[in-house]
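Spelled out, the chains give:
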Amino acid sequence: MATITPRIDERRIGELGNSVAGTVITPEDATYDEARALWNGRIDRHPAVIVRVASAQDVVATLAFARDLDREIAVRGGGHHVSGSAIVDDGVVVDLSDLTDVTVDVDARTVRVGAGARVSDVLGATQEHGLAVACGSAAHNGIAGSTLGGAIGWVRREHGLGADGLRSVELVTVDGDILTISETEHPDLFWGLRGGGANFGVVTGFEFDCFELGPEVAVAQPIYAAPDQETIIEVLEGYREFVATAPEAVTSMAIVTSVPPLPFVPAEAHGAPIVMVYAAYAGDPAAGGEAMRPLRELGEVAMDMSDRMPFVALHEIANELFPVGNRYSWHSVYASEMSDDLLERVARAGVTRPGTEDSVTVWHLGGAISDVASEDTAYAWRDAEFLVSVKAGWRDPAEDADHLKWAEDTWWSLRESAATLEAFYPGFPGFVSGDERTRMAYGENVDRLAELKTEYDPENVLHSNLNVEPAD
């Protein structure tokens, strides 16, 4: 018989409201359904209370409230969660989405960012000064979740991961301490936060290094018709040849999908099977156009939107391809090479997709990512040359079974290739659980992470995440 969790007493809710400067939202409030909604429309959970905090002190009060009532705790940043870890049934949500301040220090080339900010907030501020940060690849990515998992973005081969650009972090521990974390202050925790996720406390602010880039960058966006498996393989073979010698300034990916229903695309082309190649150049746009020219010559081009574009706009493409509220199931594996066998498996998944918004993407890694040793940050998979992501996307709940089955079957097929590693990117997890799941996310760094967990969260209070359990 299911256990029914009682609602929190109105008196306690009132006490919570008096103890925080932010907004307390309960199921009785008109804004409740909006506040519990995530980017992934497949997530439908009902927390007992959501606290849209206004400061780190509000986080302290909210954590104490939840622990006193022995309620599950979830932490929400930008709300761009595939797995829905930001929302928990019957529990307390620490909602950071109002912490969106972005402050740029042009002379120091740094930027301070609230934990509720999105990629668009940060780049919108830094690009006013011709500066950028390494960050997630989509404008609606939350800075907090993506950075703590690594943040694989559009300048990764030249400037590394988003986690590599961190200078410091403000964090609230489960016991209510507010700490500044950096290479010199709590360096062990700084190591763990760069790839270890939200396992050790609630991060309320970040400080990043900036670098010069933009406001315009050269972008390659050729689209190749891919009506069958053989054609997909031919295009991917050409892509493989290009990335083998690509300069680090070029960051690219190849996506097996269908023509999206974008307003500038003729309606008759919508839904046609294609391979899209996206690439950006982290440097002089004129040099970038020439460096990426071979990507526009991989076969018969159906459409080519290669051009210069604002660096901010490059990140907005994903907003169009993966809109808020659609249903998603995203997963991944790392790979050491684009072997013939792996390409065949990617192509086979491409022709068996149940819908036009499903896709398989090969991300080129290496470069500056690999310049950092795997043991130097919690992000463990520095030597992987590629990431292959499986992205099921659809709109009708009646189609759940078909898309979920395709995603799972594809993920297991990719794992059977000798080219793939027993590893996945924490932002796109796999269909495994328990110790195998943790090891695939954090690799050989998981034991050190477990020791940190024992020190900072020994009761595993923060477990609505890709969880690291405390060491025995």
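Residues numbered from 1 in each chain as written. Predicted model: local features only at pLDDT ≥ 70, side-chain atom pairs only at ≥ 80, totals over all residues. Heavy atoms only, no water.

Participant: Give a detailed account of the packing of helix α8 (residues 229–243) against helix α11 (residues 340–351), specifying residues and quantitative values.
Facilitator: Taken N-terminus to C-terminus, the directions of α8 and α11 make an angle of 135°; their axes are 9 Å apart at the nearest point. Of the possible angle classes, the one that applies to α8 and α11 is oblique. In this structure, the crossing between α8 and α11 has a hand that is right-handed. Contacts from Q229, I232, I233, L236, E237 and R240 in α8 reach D340, L343, E344, V346, A347, R348 and V351 in α11. Among the residues forming the contact of α8 with α11, the class breakdown is seven nonpolar, one polar and five charged. (Axes fitted to C-alpha atoms, helices over the stretch in contact; angles between N-to-C directions. Helix = DSSP H or I, 4+ residues; strand = E, 2+ residues; numbered from the N terminus. Parallel < 35°, antiparallel > 145°, perpendicular 65-115°, else oblique. Left-handed = near helix turned anticlockwise from the far one by under 90°. Contact = heavy atoms within 4.5 Å. Nonpolar A, V, L, I, M, F, W, Y, C, P; charged D, E, K, R; others polar.)

Participant: Describe the pattern of salt bridges, naming the residues involved and giving the relevant values.
Facilitator: One pass over the full model with this rule turns up 32 salt bridges. Across the pair D164 and R382 runs a salt bridge, and its minimum N-O distance is 2.7 Å. Of this pair, D164 sits in the loop between α6 (156–159) and β8 (166–172) while R382 sits in the loop between β19 (359–364) and β20 (386–394), and the two are 218 residues apart along the sequence. A relative accessible area of 24% means that D164 is categorised as partly exposed. For R382, a relative accessible area of 0% corresponds to the buried category. Of the charged contacts in the structure, one is a salt bridge between D435 and R439, with a shortest N-O distance of 3.8 Å. Here R439 and D435 lie together in helix α13 (residues 434–442), a separation of four residues that amounts to about one turn. Each of D9, R11, R12, E15 and D68 takes part in a single network of salt bridges with overlapping partners. (Salt bridge = Lys/Arg side-chain N within 4 Å of Asp/Glu carboxyl O. Buried < 20%, exposed > 50% of the residue type's maximum accessible area, 1.4 Å probe, protein only.)

Participant: Let's hear about the pairing of β19: which residues, and what values?
Facilitator: When you tally the buried positions in β19, you get six out of six residues, the bulk of the element. Pairing geometry for strand β14 (residues 250–258) and β19, over four bridges, is antiparallel. The residue of β19 that forms the bridge with V256 is V360. Sheet topology places β19 next to β20; six bridges connect them, and they run antiparallel. (Pairing = 2+ DSSP bridges.)

Participant: Break down the nonpolar core for me, with residues and values.
Facilitator: Note on soluble globular proteins: their nonpolar side chains tend to be buried together. Core analysis: the biggest nonpolar cluster contains 154 residues, and F206 and Y334 have the highest contact counts within it. Among the elements that line this core, the one with the most residues is strand β15 (residues 273–281), at eight residues. (Core = buried A, V, L, I, M, F, W, Y, C linked by side-chain atoms within 4.5 Å.)

Participant: So what's going on with the sheet that holds strand β6 (residues 110–114)? Which residues, and what values?
Facilitator: Within the open sheet, the five strands sit side by side as β5-β6-β10-β8-β9. Their pairing is antiparallel. Taken across any chain shown, the strands that pair with only one partner, and hence form the sheet edges, are β5 (102–105) and β9 (178–182). Neighbour-to-neighbour, the strand axes of this sheet turn through a mean angle of 15°, independent of strand direction. In the sheet, β5 pairs with β6 via four bridges, with the strands oriented antiparallel. Bridging across to β6, V104 finds its partner in V111. Contacts from helix α4 (residues 119–126) reach β5 and β6, with the element oriented near 30° to β5.

Participant: Outline helix α12 (residues 400–415), supporting the account with residue identities and numerical values.
Facilitator: Because an α-helix packs 3.6 residues into every turn, residues spaced three or four apart end up facing the same way. Compared with the 22 Å implied by 1.5 Å per residue over 16 residues, the 23 Å span of α12 between its first and last C-alpha is a close match. Looking at α12, one finds that the buried residues are D400, H403, W406, A407, T410, W411, S413, L414 and R415. On its buried face, α12 sits against β18 (327–335), α11, β19, β20 and α13. (Expected span 1.5 Å × (residues − 1).)

Participant: Which residues make up the pairing of strand β4 (residues 92–95), and what values go with them?
Facilitator: Burial of β4 is two-sided: the residues V92 and V94 facing one way and the residues V93 and D95 facing the other way are all buried. Alignment of strand β2 (residues 49–52) against β4, held across four bridges, turns out to be parallel. When the sheet's bridge partners are listed, R52 is paired in β4 with D95. Relative to β4, strand β3 (residues 73–76) runs parallel, the two sharing four bridges. Bridge pairing in β4 links R76 to D95.

Participant: So what's going on with the sheet that holds β2? Which residues, and what values?
Facilitator: In any sheet, the strands associate via hydrogen bonds between backbone groups, in a parallel or an antiparallel arrangement. The mixed open sheet is built from four strands, whose spatial order is β1-β2-β4-β3. Across the chains shown, the open sheet's two edge strands, defined by having one partner strand only, are β1 (23–25) and β3. Neighbour-to-neighbour, the strand axes of this sheet turn through a mean angle of 20°, independent of strand direction. With three bridges connecting them, β1 and β2 associate as antiparallel partners. Residue pairing for β2: V24 is matched across the bridge by V51.

Participant: Break down the environment of D33 for me, with residues and values.
Facilitator: Its location among the elements puts D33 in helix α2 (residues 32–36). Taking the C-alpha atoms as reference points, D33 and R45, separated by twelve residues in sequence, lie 9.7 Å from one another. Separated by 2.9 Å, the side chains of D33 and R36 make a polar contact. (Polar contact = N/O pair within 3.5 Å; in protein donor to acceptor, adjacent residues only side chain to side chain.)

Participant: Quick rundown of the packing of aromatic side chains? Include the residues and the values.
Facilitator: Under the counting rule described, the total for this entry stands at 14 aromatic pairs. Ring plane angle 70° and centroid distance 6.5 Å describe the contact between F322 and Y328, whose orientation is recorded as edge-to-face. Here the aromatic cluster, defined as three or more aromatic residues joined through ring pairs, consists of W39, F322, Y328, W330, W363, Y425 and F428. Positioned over the ring face of W330 is K391, at 4.3 Å from the centre of the ring. Above the plane of the ring of W191 lies R448, whose end atom (NZ or CZ) is 3.9 Å from the centre. (Phe/Tyr/Trp six-rings, centres within 6.5 Å; stacked < 30°, edge-to-face > 60°. Lys NZ or Arg CZ within 6 Å of the ring centre and 35° of its normal.)

Participant: A description of the packing of α4 against helix α10 (residues 311–321) should follow, citing residues and the corresponding values.
Facilitator: It is at 9 Å that the axes of α4 and α10 come closest, and there the two elements cross at 170°. The pairing of α4 with α10 is recorded here as roughly antiparallel in orientation. On α10, the residues that touch V119, L123 and G124 of α4 are F311, V312 and H315.

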